[in-house]
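# Close look at the chain arrangement
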Amino acid sequence: MSAIAELENVSKAFDAKMVLYNVNLQVYQGEILALLGPNGSGKSTLLKTLALLTMPSSGQLKFNGELVAANNVERLRQQTTLVFQKTTLFEGSVYDNVAYGLKIRKVPKNQHAELIAQALRIVRLEGFEKRQAKRLSGGEQQRVAIARALVLKTKLLLLDEPTTNLDPKNAQIIEEVIATVNHELETTIVLATHNMFQAQTLPSRIALISNGKITQMGTPAEVFGKLSKNLASFAAVDNTFKGNAMPTLEGTTMVDLGNGFRVEVTEPKIGEISVFVSPQDIILTKTPFQSSARNVFKGKIVEIADLGSLVKLKVDVGRVFTVQVTKRSFKEMTLNLDSEVYIAFKASSVNVL
Amino acid sequence: MVDLLGGLAKAGHLIITGDPTLYGIVFRSLLFSGVAVILAALWGTPIAMLISLRNFRGKSLVKGFFNSLIAIPTVVLGLVLFLVFSKGGPLGFLGLLYTPAAIIIGEAVLITPILISIMITAIEAVDPEMINLARTLGASESQASIAVLKEALNGVLFSNVASFNRAIAELGVALMVGGNIAGLTDVLTTAISRYTQTNDIALAIALGILLMVIVFAINTFVVLAHKLKVYYTVGRSPQ
Amino acid sequence: MQTWQKLIIAATLATIITIAGTAAYFQLSPKRRLIVSTTTSLYDTGLLEQLERDYENKHPDIDLNIISAGTGIAIQQAQNGDADLILVHAPAQELTFLQQGWGLNRKIIAYNYFTIVGPQTDPASIKGKTTNEALQAIVNYGGNLTDQSGQTKIWISRGDNSGTHSKEQSLWRAAGYDYSWVSAQPWYGSVGQDMGATLTLADQKDAYTLSDIGTYLKFEKGGSVSLVALLTQAQSLLNVYSVMAVNQTATANHATHDRINYADAMNFISYLVSPETQQLIENYGKDIYGQSLFFGAVQPLKDNAPQPLVGWLKSTAFFDGSECPIQYRIGYPELYAGEDKIG
């Protein structure tokens, strides 16, 4: 397999702060590579390096076989593009936004409309050309940003947390878009995520990153197979916890996450394991209630993030869980910071990694 | 006492009948201030871009410097420029004193700080990722800077309009380096000042009215043009 | 190349084009530029604009530009070489100007009288008195005011170091007062503005002030002030206007010498002293105000009559018995042909 981008002993420091340490990485033609790691681990810097937006402080960076230097960076940069985690759009219509890179590349004007329509079709925004981009919903805006990158048909497409802060519907569309683009257009994709699920399903390879270093590299099966050892450093990944598993009399497994905080799991396991609960699978209530859910905890809301139709909450129940509720129920329940709430999830909703 | 109503009536007459002295002064005011804004924008924009898009030591000091220059009294600047342009001064060999070019350059210097300050504020209000966005979509460094300027378009326009307002309404520089020579360097403010002094109240009022009308019209035009642009892109629904 | 670099180049080019365009305009213009620096009080009468039209009609190859400022600034401009000619009314400063070598070929061209104006009621009863008696009456009246808080003003001064202001100071001194004492009195107000503003304020305060006749008549005729002229036509109130060419070889910066339009300046002086122009000066404003604002000084000086006017003119504005002592003249003997040269 030929490598589109190769990093050799790349380090990057901002002022005195090291963000990447001796990273060696090859991105192969046609693959989807996921960079998996908590916030602040260096994923975004690594993507910016691959996008040729920042130059390494030391080490070598080759793009398409060429050593990247000041005199060729502007040319090479046109063959790679990055979709930021925080959706950034230009003032103006969707059409104006998607057309930007085409204009820069001096693609003949008479081809724009068709290329733009194609790109919008892929992200399922057909007919959105004349809409004011900044007035679309968060998910639609992110899809415009992806279309704006797709239309360029670069060799390498970089996506920084493309589904974070999106509702499940938009997240699903984007995951499908990633798969389609990789499959049908044979675009090489590097994707940064801290979503375990995304990392398990989409990519051909995973690179685990923590504290600016690549700690593990391989297929999802390989990486998740021996993840337990590294997962200690993954505490910052949403709803992922490390603990000690013990079988129960009922045939389920009780995982002790430390200090007596226990989560019940259906899968039979023993010993050191890591577990993950999808935010969508957690039920939030203001009062204790009877249900079949085996895991019920009482806690306080410590963070509220508005995602448009959805609201993402962090609830501290001894461990901090991320929970998603619709805007409507959030309002009906009159939730605030410090509100006392209960969270509940089934034992079968807990994924053992 | 000054006969205000009589003065107003005569002023109206002068405006309606298209008095050539009056409109000559208006034309020069528009021309000098307009060219001054173009000059100031040409040299102020790159300075504003450098200051707002780059990080360097003493950045806030530089910004503070331009901010405080806004408050410089026009007569003080006028005096400094007079000494510079004077035949005995450092740029005296150019022979610019008491010429339109002296007013244009003087006013351009006067409005540069206000232009730069407003533009810096506007550019800094743009998402800091905007420049990287343009670059990752393939833009060269110049094209990326232009993309940022475009995002700051309202502020950039406002900086130009505010500068024009200051240029056309200032007296000190135009008087000291222009000399208020009739038919050559007399502009709205210097003429108003002189005609008030010589008790030609009607002419002074007429010029005052026209000055207000010009400033008001230009500001209204900019606001309307902005609204129209928004309407054009937002108001139309898809399909 | 980066955007800002391109823009800086564009800005430099645009600036150069502006400068070059202006320079080319004046270079290529078939007209020669002659800059006259004069005092505001003279310029504001409108006389010079009429003379400018007449002169440019007769000399279509010359573009006469008139700059007005206080006498002090007019002299400064001449020293810098920014004016080719100055037209002022402050003999003491003119003498210094000549002595320091800045000016040449002085000619007295016109005169009129300052006037002390005040409210119709004339509360200090100055009408009919000499200038000295009048100012003493004003000081007495001011000292006996019941309100000494500084709210009530009975004298308003330009206070701006103009020719008129320096005339006022010399009048107070002549009347036996220390000017700094007078100006510190509560009834004495100083505005630091032009004559029009000073007259308007004096009118509103029912106060006295010293004014040049031209500005006063203009404001009085226009109904802007209701002050009346109480003292006029005294030797002490004589106001003499003279013209001087700027000395090409003496300006502050030697590089500027050849930029001073000496030849045309002398041509303009000859124009000003010609009988037709003298007549034009004397007729100016007659149709509007029913009296002359200025009187030609050339013929009386040539004729040495009438008296006592010529005596007053000589004692006010002559230096060493001449309007321009011989060491301050270069060429143009015809200007001084008829002069009585008794030292």
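Keep in mind that this is a model prediction, so the values were computed, not measured.

## Topic: the overall build of chain C
- Looking only at helices and strands, one finds 15 helices and 10 strands in chain C.
- Viewed in the frame of its principal axes, chain C has a C-alpha envelope of about 75 × 65 × 40 Å.
- Counting all 343 residues of chain C, 55% fall into the buried class.
- Residue pairs in contact within chain C that sit at least 24 positions apart in sequence constitute 72% of those at least 6 positions apart.
- Carbon and sulfur atoms provide 53% of the accessible area of chain C, an area that totals close to 14,200 Å².

## Looking at the pairing of strand 6 (residues 80–83) of chain A
Residues and elements named next belong to chain A.
- Residues Thr80 and Leu82 of strand 6 are buried on one face, and the alternating residues Thr81 and Val83, pointing to the opposite face, are buried as well.
- As judged from the four bridges shared by strand 6 and strand 7 (residues 156–160), these two strands associate in the parallel manner. The residue bridging Val83 from the neighbouring strand is Leu159, located in strand 7.

## Thoughts on the interface of chain B and chain A
- On the side of chain A, 27 residues touch chain B, which itself brings 22 residues to the contact.
- A combined buried area of about 2,300 Å² lies between chain B and chain A, and 53% of that area is made up of carbon and sulfur atoms.
- Our count for the chain B to chain A interface comes out at four salt bridges.
- Where the side of chain B that touches chain A is concerned, the elements lending two or more residues are helix 6 (130–136), helix 7 (141–151) and helix 11 (201–235) of chain B.
- Among the elements that make up the side of chain B that touches chain A, the one with the highest residue count is helix 6 of chain B (six residues).
- Looking at the side of chain B that touches chain A residue by residue, the class counts come to nine nonpolar, seven polar and six charged.

## Quick look at the interface of chain B and chain C
- Residue-level contacts link 40 residues of chain B with 39 residues of chain C.
- A combined buried area of about 3,600 Å² lies between chain B and chain C, and 59% of that area is made up of carbon and sulfur atoms.
- Viewed at the interface, chain C and chain B are joined by three salt bridges.
- One salt bridge connects C:Asp44 with B:Arg194, and the closest N-O pair in it is separated by 2.8 Å.
- The interface formed by chain B and chain C includes four residue pairs in polar contact (both at pLDDT 80 or more).
- Broken down by secondary-structure element, the contributors of at least two residues to the side of chain B that touches chain C are helix 2 (20–53), helix 5 (100–125), helix 7 and helix 10 (188–197) of chain B.
- Of the residues assigned to the side of chain B that touches chain C, the class counts are 22 nonpolar, 13 polar and five charged.

## What about the packing of aromatic side chains?
Residue and element names in this part refer to chain C.
- One pass over the structure, following the stated rule, counts 23 aromatic pairs over all chains.
- Plain terms: the ring middles of Trp172 and Tyr177 are 6.1 Å apart, the flat faces sit at 75° to each other, and that makes the pair edge-to-face. For the pair Trp172 and Tyr177, one class covers both residues: buried.
- Here the aromatic residues Trp155, Trp172, Tyr177, Tyr179, Trp181, Trp187 and Tyr188 are joined through ring pairs into a cluster of three or more.

## Details of the domain arrangement of chain C
All names here are of chain C.
- What the domain assignment reports for chain C is domain 1 (32–112 + 240–336) and domain 2 (113–236).
- Residue-level contacts link 15 residues of domain 1 with 15 residues of domain 2.
- Summed over both sides, the interface of domain 1 with domain 2 buries roughly 1,500 Å², with 57% coming from carbon and sulfur.
- Of all residues in domain 1, Asn112, Tyr289 and Trp312 give up the largest surface area on contact with domain 2, accounting jointly for 36% of the area buried on that side.
- At the boundary of domain 1 with domain 2, the tally comes to zero salt bridges.
- Counting across the interface, domain 1 meets domain 2 through three residue pairs in polar contact (both at pLDDT 80 or more).
- For the side of domain 1 that touches domain 2, the secondary structure elements donating two or more residues are helix 2 (40–43), strand 4 (103–118), helix 13 (286–289) and helix 15 (309–317).
- Here the side of domain 1 that touches domain 2 takes three residues from helix 15, the largest share from any one element.
- The residue inventory of the side of domain 1 that touches domain 2, partitioned by class, reads six nonpolar, eight polar and one charged.

## Here's the deal with the side chain of B:Asn180
- Tracing the chain through its elements places B:Asn180 in the loop between helix 9 (172–178) and helix 10.
- In this view, B:Asn180 contacts B:Ala174, B:Leu175, B:Thr185, B:Asp186, B:Val187, B:Thr190, B:Ala191, B:Arg194 and C:Tyr43; residues no more than four positions away in its chain are not counted.

## Some thoughts on the packing of helix 3 (residues 94–104) of chain A against helix 5 (residues 138–150) of chain A
All names here are of chain A.
- With their axes 7 Å apart at the nearest point, helix 3 and helix 5 run at an angle of 30° to one another. Considering how the two elements wind past one another, helix 3 and helix 5 form a crossing that is right-handed. Along the contact surface, helix 3 presents Val94, Asn97 and Val98, while helix 5 presents Val144, Ala147 and Arg148.
- For the contact of helix 3 with helix 5, the per-class residue count stands at four nonpolar, one polar and one charged.

## Comments concerning the pattern of salt bridges
- Summed over the entire model, instances satisfying the criterion amount to 26 salt bridges over all chains.
- As a salt-bridge pair, A:Glu332 and A:Arg328 come within 3.3 Å of each other at their nearest N and O atoms. Highlighted residues: A:Glu332 and A:Arg328, both in helix 10 (residues 327–332), separated by four residues, approximately one helical turn.
- With a relative accessible area of 58%, A:Glu332 lands in the exposed category.
- Close ionic contact of C:Asp54 with C:Lys58 constitutes a salt bridge, the shortest N to O distance being 3.2 Å. Taken as a pair, C:Asp54 and C:Lys58 lie in helix 3 (residues 47–58) at a separation of four residues, close to a single helical turn.
- Its relative accessible area of 46% is what places C:Lys58 among the partly exposed residues.
- Through salt bridges that share partners, A:Arg77, B:Arg135 and B:Glu141 make up one connected network.

## Focus: the packing of helix 3 of chain A against helix 4 (residues 109–122) of chain A
Residues and elements named next belong to chain A.
- Between helix 3 and helix 4, the shortest axis-to-axis distance is 10 Å and the interhelical angle comes to 115°. Note that helix 3 runs across helix 4; the crossing there is right-handed. Note on element contacts: helix 4 touches helix 3 through His112, Ala113, Leu115, Ile116 and Leu120, opposite Val94, Tyr95, Val98, Ala99, Leu102 and Lys103.
- For the contact of helix 3 with helix 4, the class distribution of residues is nine nonpolar, one polar and one charged.

## Focus: the environment of A:Asp256
Residues and elements named next belong to chain A.
- Tracing the backbone through its elements, the reader meets Asp256 in strand 12 (residues 253–256).
- In sequence terms Asp256 and Gly271 are 15 residues apart; their C-alpha atoms lie 9.9 Å from each other.
- Only 2.7 Å separates the side chain of Asp256 from the backbone nitrogen of Gly258, close enough to count as a polar contact.

## Examining the nonpolar core
- Within the largest apolar cluster, 158 residues are counted, with the highest numbers of intra-cluster contacts made by A:Leu35, A:Val190 and B:Val177.
- Examining the composition of this core, we find that 16 residues originate from one element, helix 5 of chain B, more than from any other.
- Aside from chain neighbours lying at most four places away, what touches A:Leu35 is A:Lys43, A:Leu46, A:Leu47, A:Val190, A:Leu191, A:Ala192, A:Thr193, A:Ala207 and A:Ile209.
- Membership of the second largest hydrophobic core comes to 61 residues, among which are C:Leu64, C:Val117, C:Tyr284 and C:Cys324.

Cut-offs applied
- Residues numbered from 1 in each chain as written.
- Chains lettered and ligands numbered in written order.
- Predicted model: local features only at pLDDT ≥ 70, side-chain atom pairs only at ≥ 80, totals over all residues.
- Heavy atoms only, no water.
- Helix = DSSP H or I, 4+ residues; strand = E, 2+ residues; numbered from the N terminus.
- Buried < 20%, exposed > 50% of the residue type's maximum accessible area, 1.4 Å probe, protein only.
- Contact = heavy atoms within 4.5 Å.
- Areas by Shrake-Rupley, 256 points an atom, 1.4 Å probe, with all protein chains shown as cover.
- Pairing = 2+ DSSP bridges.
- Buried area = accessible area lost by both parts, 1.4 Å probe.
- Salt bridge = Lys/Arg side-chain N within 4 Å of Asp/Glu carboxyl O.
- Nonpolar A, V, L, I, M, F, W, Y, C, P; charged D, E, K, R; others polar.
- Polar contact = N/O pair within 3.5 Å; in protein donor to acceptor, adjacent residues only side chain to side chain.
- Phe/Tyr/Trp six-rings, centres within 6.5 Å; stacked < 30°, edge-to-face > 60°.
- Domains from an automatic or database assignment.
- Axes fitted to C-alpha atoms, helices over the stretch in contact; angles between N-to-C directions.
- Left-handed = near helix turned anticlockwise from the far one by under 90°.
- Core = buried A, V, L, I, M, F, W, Y, C linked by side-chain atoms within 4.5 Å.

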